[in-house]
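# Analysis of the macromolecular model
Listed below, chain by chain, are the residues.
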Amino acid sequence: MRAERISSNKVAHFAIRYVLLICTESSQSSKYKELLGSIDTHSYMVLQARNTNEALNIIAEEVVDAIIIDTNYIDEPCMNLLTLLKQDKTLVHVPKIALFDESNEIEKDDFYKHGAIDCIHKANLTSSCIHRSISVGIDKTLLSAKIDKTTEQLSQMARNAEKSNTQLVKSIKKKSKQVKTTLSITRETLDMLQNHLKEDISKADSEMMDICIGSVDKISTLLDELMDVAYTNNSGNHPVTRKRLNTNELVQDAISNIVYAAEKKDIKIIQRCEHNIPPILGDRYQLHKVLTTIMLNAIKHTDSNGTLKISIQKENPLSTHLLIHFTDSGNGIHPNFLDHIFEDMITPVEMIGFSNFDRLDIGLHACEEIVDAHDGEIIVESSLGKGSKFTVSLPIYNAENIKEQK
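Here is a short report on the structure shown in this document.

What counts as what
Residues numbered from 1 in each chain as written. Predicted model: local features only at pLDDT ≥ 70, side-chain atom pairs only at ≥ 80, totals over all residues. Heavy atoms only, no water. Buried < 20%, exposed > 50% of the residue type's maximum accessible area, 1.4 Å probe, protein only. Helix = DSSP H or I, 4+ residues; strand = E, 2+ residues; numbered from the N terminus. Pairing = 2+ DSSP bridges. Right-handed = clockwise from strand over helix to strand, strands pointing away. Core = buried A, V, L, I, M, F, W, Y, C linked by side-chain atoms within 4.5 Å. Contact = heavy atoms within 4.5 Å. Salt bridge = Lys/Arg side-chain N within 4 Å of Asp/Glu carboxyl O. Axes fitted to C-alpha atoms, helices over the stretch in contact; angles between N-to-C directions. Left-handed = near helix turned anticlockwise from the far one by under 90°. Nonpolar A, V, L, I, M, F, W, Y, C, P; charged D, E, K, R; others polar. Expected span 1.5 Å × (residues − 1). Polar contact = N/O pair within 3.5 Å; in protein donor to acceptor, adjacent residues only side chain to side chain.

## Quick notes on the pairing of strand β5 (residues 96-100)
With five of five residues buried, β5 is to be regarded as a mostly interior element. Pairing of strand β4 (residues 66-70) with β5, which is carried by four bridges, proceeds in the parallel orientation. What sits directly across from I69, in β5, is A98. Note on the crossover from β4 through helix α3 (residues 78-87) to β5: the handedness is right-handed.

## Considering the nonpolar core
Within the largest apolar cluster, 36 residues are counted, with the highest numbers of intra-cluster contacts made by L291, M295, L308, F326, I378, F390 and V392. Looking at this core, the elements with two or more residues in it are α7 (247-264), α8 (284-300), β10 (307-314), β11 (321-328), α9 (364-373), β12 (377-383) and β13 (387-395). By residue number, the principal contributor to this core is α8, which donates seven residues. Other than its neighbours up to four places away in sequence, L308 contacts I267, K268, I269, I270, M295, A298, I299, F326, T327 and D328. Within the second largest apolar cluster, 23 residues are counted, among which are I67, C78, M79 and L82.

## Points about the side chain of H374
On the secondary structure map, H374 appears in the loop between α9 and β12. Once you skip the residues sitting within four places of it in the chain, H374 turns out to touch V240, R242, L281, G282, D283, Q286, L287, L394 and P395.

## Some details on the pattern of salt bridges
With the rule as written, the count across this model stands at five salt bridges. A salt bridge links D375 to R242, with the nearest nitrogen and oxygen atoms 3.2 Å apart. Taken together, the positions of D375 in the loop between α9 and β12 and R242 in the loop between α6 (203-231) and β7 (243-245) put the pair 133 residues apart, joining distant regions of the chain. The exposure class assigned to R242 is buried, which follows from its relative accessible area of 14%.

## Re the packing of α8 against α9
At a minimum axis distance of 10 Å, the contact between α8 and α9 shows a crossing angle of 145°. Considering how the two elements wind past one another, α8 and α9 form a crossing that is left-handed. Every residue of α9 that contacts α8 at Q286, K289, V290, T293, I294 and N297 is listed here: L364, A366, C367, I370 and V371. For the contact of α8 with α9, the residue count by class is seven nonpolar, three polar and one charged.

## Remarks on α8
The end-to-end C-alpha distance of α8, which contains 17 residues, comes to 24 Å, matching closely the 24 Å that a straight helix rising 1.5 Å per residue would cover. Along α8, 14 of the 17 residues are buried, which leaves the element largely enclosed by surrounding structure. Where α8 begins, the side chain of D283 points an oxygen toward the backbone nitrogen of Y285, at a separation of 3.1 Å.

## Focus on unusual backbone geometry
The phi angle at D266 is positive, at roughly 55°, despite the residue not being glycine. Along the chain, D266 turns up in the loop between α7 and β8 (268-273).

## Digging into the packing of α7 against α8
Between α7 and α8, the shortest axis-to-axis distance is 9 Å and the interhelical angle comes to 35°. For α7 against α8, the interelement crossing comes out right-handed. Each of L250, V251, D253, A254, I255, N257, I258, A261 and A262 in α7 lies in contact with α8, whose residues at this interface are R284, L287, H288, L291, T292, M295, L296 and I299. Tallied by class, the residues present in the contact of α7 with α8 amount to twelve nonpolar, three polar and two charged.

Keep in mind these values describe shape, not function.
Listed below in structure tokens is the structure:
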């Protein structure tokens, strides 16, 4: 290996550039060295390789700032050499400059595709031209290296943030479930106490008891909203973890959440289900939220002394989905708005046709997203002034669909 320094008297405060020149023809290499040495304000240390192996050996031992290849005077096709250099990870940010003329019979775009940052026609080769190409190439690759480094740093920051977020979400889920269990016990205790003291309790104490029960329900609702945030991913979707669920237990758990709201309006809950109801495949928390939301909406828009009927059935013996029906004797939905009830942030009072209601839904948009994520469907039928029927269709658990989850 030979390194030849080409410089002028004006280079004291300039950084030396190490350039690898790949050229087998002595006369041509002398010409390039002369061009590199005729620049007054720069200095280059030229490392010359006369064949591909020698070039690769130099690269393995020395850090070079640029590589100049005479495409007419190398021991193998230029594209092969450029490909070899491109595959070397240590040379990703080292500019490769190809020198060519008409005898190459290669399109300039091909040089760029194979990793050259610049291509100079020998007819236009001057000292300023070659220097400019080296300088621009180095600037580009330094910028590219900085971009890559910054991108990697940002990616690492994103990974760290995602890891922290995952840990936070796990903690929220765990603590929320513990609080939810405590609230459920408190709620049941208050109900039992209220029923036990029903005859002996004063009106004032009864009102205080109602306030306590209402406060527990309010905290439970806020906790549900917090858990909903924890279960919602960064894109705003509702990811689901599907498992085998006992359908009757799921429905009964949801009903227990709305019994008090129904009792406050003297709404009768009527349940009916077929024998041997099969299990479903779903996310317990997400589906619990869906069923509870649909029933709370039904109670909200049903007058006192109304009814809410809940039934579970298979559409037919060969059906792959189970149907959960919620039929209320409420106000119904105006036909003009029936197709819009699942739209996000929907609030028009006119949709139900009565002025004494301020909202149509408590999260029907989210319910539809969750059921869609379960490969299910929510079907709505309604008659204004007579009531509505919401049907939630969910996949029945079987060996095949559980394999798909894995």
